[in-house]
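# Coordinate inspection notes
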Amino acid sequence: MPSPEPGPAIDRRAVVRRHVVEVTGIDPAAPLSVGNGELCATVDVTGLQTFPDAYPGGGGTLLGTQSQWAWHSVPPPEGVGLDQALRPYRTWRGEVAFVDGPPMPGGDESRLDAGTRWLRANPHRLDLARIGFVLRDGSGHRAPDPAELGACRQTLDPWTGLIESDVVLAGQRLRVTTACHPDRDVLAVRITGSGVAVRIAFPYGSQAWGDAADWVRPDAHVSRVEPVPGGVLVHRCFDGADEPRHVVRVRADGAAVRATGEHELVVETEGAELDLVVAFGAAPPALPPDAAAVVAASARHRSAFWERGAALDLAGSTDPRAAELERRVVLSQYLTAIQCAGTLPPQETGLTCNSWRGRFHLEMHWWHAAHFALWGRPDLLGHSMDFYRRILPSAQETASRQGCRGARWPKQVGPDGRESPSHIGPFLLWQQPHVIHLAELLRRTGGPDAGRHLDLVEATAWFMADVAEPTPDGFALGPPLVPAQESYADVRDRAANPPFELAYWSWALRVAQEWRVRAGRAPEPLWDEVGKGMVGPLVREGRYAAIDAEPFTVRTDHPSMVYALGVVPETDVVDPALVRATLHAVLADWDWESTWGWDFPALAMTATRLHEPETAVAVLLRDTPKNRHVRSGHNRQSDALPVYLPGNGGLLAAVALMAAGWDGSGDRPGFPRDGSWSVRHEGFVPAP
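All values reported here derive from a predicted model rather than from experimental measurement. What you see as residue numbers is a count from 1 along each chain, following the sequence as written. With pLDDT at 70 or above as the cut-off, local features in this predicted model cover only qualifying residues; side-chain atom pairs require 80 or more to be listed or tallied, and sums for whole chains, interfaces and linings still use all residues. Note that the side-chain values use all heavy atoms of the structure and ignore hydrogens as well as water.

### Looking at the packing of aromatic side chains
Our working definition: Centres within 6.5 Å make a pair out of two Phe, Tyr or Trp rings, where for Trp the six-membered ring is used; the pair is then stacked when the planes are under 30 degrees apart, edge-to-face when over 60, and tilted otherwise. By definition, any uninterrupted DSSP run of H or I lasting at least four residues is a helix, any uninterrupted run of E lasting at least two residues is a strand, and each is numbered from the N terminus. Buried means the residue's accessible area, taken with a 1.4 Å probe over protein chains only, is under 20% of the maximum for its type, while exposed means over 50%, and partly exposed covers the values in between.
Counted under the stated rule, the structure contains 23 aromatic pairs. Consider the rings of W367 and W598, whose centres lie 4.7 Å apart with planes at 35 degrees: the pair is tilted. Of the two residues, W367 sits in helix α5 (residues 365–374) while W598 sits in the loop between α12 (576–589) and α13 (599–609), which places them 231 residues apart along the sequence. By relative accessible area, W598 is classed as buried at 0%.

### Let's talk about the side chain of H72
So the rule is basically this: Whenever two N or O atoms come within 3.5 Å, that pair is a polar contact, provided that in protein one can donate a hydrogen and the other can accept it, and provided that, for residues adjacent in sequence, both atoms are side-chain atoms. A contact between two residues is defined here by any heavy atoms of the two lying within 4.5 Å.
Take H72: it is sitting in strand β7 (residues 71–72). Judged by its relative accessible area of 1%, H72 is buried. Engagement of the side chain of H72 in a polar contact is seen with the side chain of H124, the distance being 2.8 Å. Here the side chain of H72 touches D239 through a polar contact of 2.8 Å, side chain to side chain. With sequence-adjacent residues up to four places away left out, H72 is seen in contact with N122, P123, H124, L126, Y204, G205, F238, D239 and R245.

### Focus on α12
Put simply, the test is: A helix is expected to span 1.5 Å for every residue after the first.
Taking 1.5 Å per residue, 14 residues should reach 20 Å; α12 reaches 20 Å between its end C-alpha atoms and fits that length. V579, T582, L583, A585, V586 and L587 are the residues of α12 that are buried. Packed against the buried residues of α12 are β31 (543–544), α13 and α14 (613–620). Residue D575 occupies the N-cap position of α12, its side-chain oxygen lying 2.9 Å from the main-chain nitrogen of A577.

### Re the pattern of salt bridges
Note the cut-off: By salt bridge we mean one thing: a side-chain nitrogen of Lys or Arg within 4 Å of a carboxyl oxygen of Asp or Glu.
According to the stated counting rule, one finds 40 salt bridges in the structure shown. With a shortest N-O distance of 2.8 Å, R142 and E148 are connected by a salt bridge. By relative accessible area, which is 31% here, R142 ends up partly exposed. With its nearest N and O atoms 2.4 Å apart, the salt bridge here joins E458 to R516. Taken together, the residues span a long stretch of sequence, with E458 in helix α9 (residues 454–467) and R516 in helix α10 (residues 499–518) at a distance of 58 residues. Residue E458 is classed as buried on the basis of its relative accessible area, which comes to 10%. Linked by salt bridges that have partners in common, R18, D313, E326 and R680 make up one network.

### What to know about the sheet that holds strand β14 (residues 149–157)
The line we're drawing: The criterion for strand pairing is that DSSP finds at least two bridges linking the strands in question. Comment: axis = line fitted to C-alpha atoms, over the contacting stretch for helices; angle = value between 0 and 180 degrees taken between N-to-C directions.
Reading across the sheet, the nine strands line up as β1-β14-β15-β16-β17-β24-β21-β20-β19 and stay open at both edges, with antiparallel pairing between neighbours. Looking at strand neighbours, the two that pair on one side only are β1 (21–23) and β19 (221–228), the edges of this open sheet. The sheet shows a mean angle of 15 degrees between the axes of neighbouring strands, taken without regard to direction. Sitting on the sheet, helix α3 (residues 291–307) touches β15 (162–169), β16 (172–180), β17 (186–192) and β24 (273–281), and the angle it makes with β17 is about 115 degrees.

### Considerations on the packing of α5 against helix α6 (residues 378–390)
Two packed helices can be described by the angle between their axes and the distance between those axes. Selection criterion: By definition in this entry, angles of less than 35 degrees are roughly parallel, angles greater than 145 are roughly antiparallel, angles of 65 to 115 are roughly perpendicular, and the rest are oblique. We call Asp, Glu, Lys and Arg charged. Ala, Val, Leu, Ile, Met, Phe, Trp, Tyr, Cys and Pro are nonpolar, and the rest, Gly among them, are polar.
As a packed pair, α5 and α6 sit with axes 6 Å apart at the nearest point and diverge in direction by 135 degrees. As judged from the angle between their axes, α5 and α6 are oblique. In this structure, α5 contributes H365, A369, F372 and A373 to the contact, and α6 contributes P378, L380, L381, S384, M385 and Y388. Residues belonging to the contact of α5 with α6 are distributed by class as follows: eight nonpolar, two polar and no charged.

### A few points about the side chain of S165
Position of S165 among the secondary structure elements: in strand β15. Among the polar contacts made by the side chain of S165, one reaches the main-chain amide nitrogen of G47 at a distance of 3.4 Å. Once residues lying within four places of it in the same chain are set aside, the contact partners of S165 are V45, T46, G47, R153, Q154, L174, R175 and V176.

### Observations concerning the environment of V186
Mapped onto the fold, V186 is located in strand β17. A relative accessible area of 1% places V186 in the buried class. As a C-alpha pair, V186 and R249 span 63 residues in sequence and 9.2 Å in three-dimensional space.

### A closer look at the pairing of strand β3 (residues 39–43)
Among the five residues that make up β3, five are buried, leaving the element largely enclosed by the rest of the structure. Residues L39, A41 and V43 line one face of β3 and the alternating positions C40 and T42 line the opposite face, and both faces are buried. As paired elements, strand β2 (residues 32–35) and β3 share four bridges and run antiparallel to each other. Bridge pairing in β3 places S33 opposite T42. Two successive antiparallel strands, β2 and β3, enclose a turn made up of three residues, where G37 displays a positive phi of approximately 95 degrees. For β3 and strand β6 (residues 65–67), the ladder comprises three bridges, and the chain directions are antiparallel. Across the sheet, the residue bridging to L39 is S67, located in β6.

Don't take any of this as a statement about function, it's just geometry.
What follows is the structure, given as structure tokens:
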């Protein structure tokens, strides 16, 4: 699709570098991160993880080092298994067993039995190491106090992926460059300053809801140090096992590396420079490149990232909101690239902190990663799609237990794909069409592997067709069901026919049929029958209700009834005029404190498909607490969720729709044409 304002190619470097992040002190809400999608480290103003207590978040600290592959489980209670959480529910197919759990007001799990707590908490993502400055104290070392921090200036350059820190610590000036290797789980820091000492400490795995590190169980793990040329290997063993779960290699050419505690090392030099490289792996890592090579590789890789795919330039705009939107767009691309582009579906707080113990929510996968395809970087979405193939057998087992063919995808899972007991997750349906939607976005990019997910599309569609209930009025969804608007969890045994899910079902089954025919297979009549025959949502007072039973519309949480057109392309299930009336009713009186960061991009997508560009911009940038993006670019929600990457990914998906539109939409459908917005873009893939 041509740019609405033809002209020379966008100066991408200039756009990105307009939004270099600068920090001049401890900002508890906005530490900075380096990463590659598989490994991410978040650091404080010193460029390391020196002051973890000064950056609280989610019950732990925001200063973590996490990877996609490093998980841990504590030994389970005797006899624990998912079968103990199965509860019968009546469905149109008869009595069906669902993985269930009691309500947990405020997330309080204290009343859960030990088995249920274990199933929810294991496996959990593991914090690999904490790397921070220490000060010499007599014959030993001590952690510095934040009060010893003097003048400081720190920058994150998204163009290179490098963090540069210039700080005075206990009277000593330190200059630090922090980097992550683009292709290996390797961190590097280059430090200038005399008499530097750095501590590397290793925690046990934590079952806490938001903390990936347990520092109070030193006897539950072993850190076995082995000297090797240029540094050491640290073999990390857990729960009495002799074989290491992972191995850390520390390279510090010309510096001393020695164990100073049961689970800690100190690296120090008498010189004025220290180059430190830390590599992580499930097996002993090969000798990593030196720090200078890691820094150079990061700069090359990240600049190449910006040079490919789509770009957006709002510099000529006179609307005062444009500069903030461009900042969010640039920093959201950086954050999702380093935290959401790995081989597992992302977790809501990414690889920064550990909400839900690092377990990911498949209904959020679209919000984290769909934008990669729309922005012309489909490989960054493709990395995580094979997870569905890996867990396909267990998803098929769930579908079969519920009387359906195909695969029912779980909600809250770890890398094993096992469901978590909950009164919400196992009853959600809207993650189901995501697999088809994401596969379709990959297909539309035209890459060599664009159509290889036919098996996942078909397995998804079979469950969708079988679970829909035939009624005299058409095919219905639920009960039991919890819609995307989770306010209805307590009435899951009678909730039915939420508009978003009905429309999504219709659209996704049509797309699945197109995939099948394109592959040379005969159409499946049931897919057509169900997809074209979904019941219409309930209309009350000229607007769509959230469900078709009381309470018809609770005005809290996600206003997902309007997402039936927006996230979902146009279908025959909903009337755009009624969606418009519902949208404006939501904007008039919804409880915004109860919404979440991805709701604002979702509402903007609805306004865009309704051809209301001013509404789209206004809601995308609505000034309300959960729609704010802190200095680092993160979409902070609360103390418990200080990072919320679905808000960042959703923003990018909405902007792609607003800038490049969808099939047959025309140019720039989501930005006002009154002259206040100069919108130059290139490289977008139009949405369906």
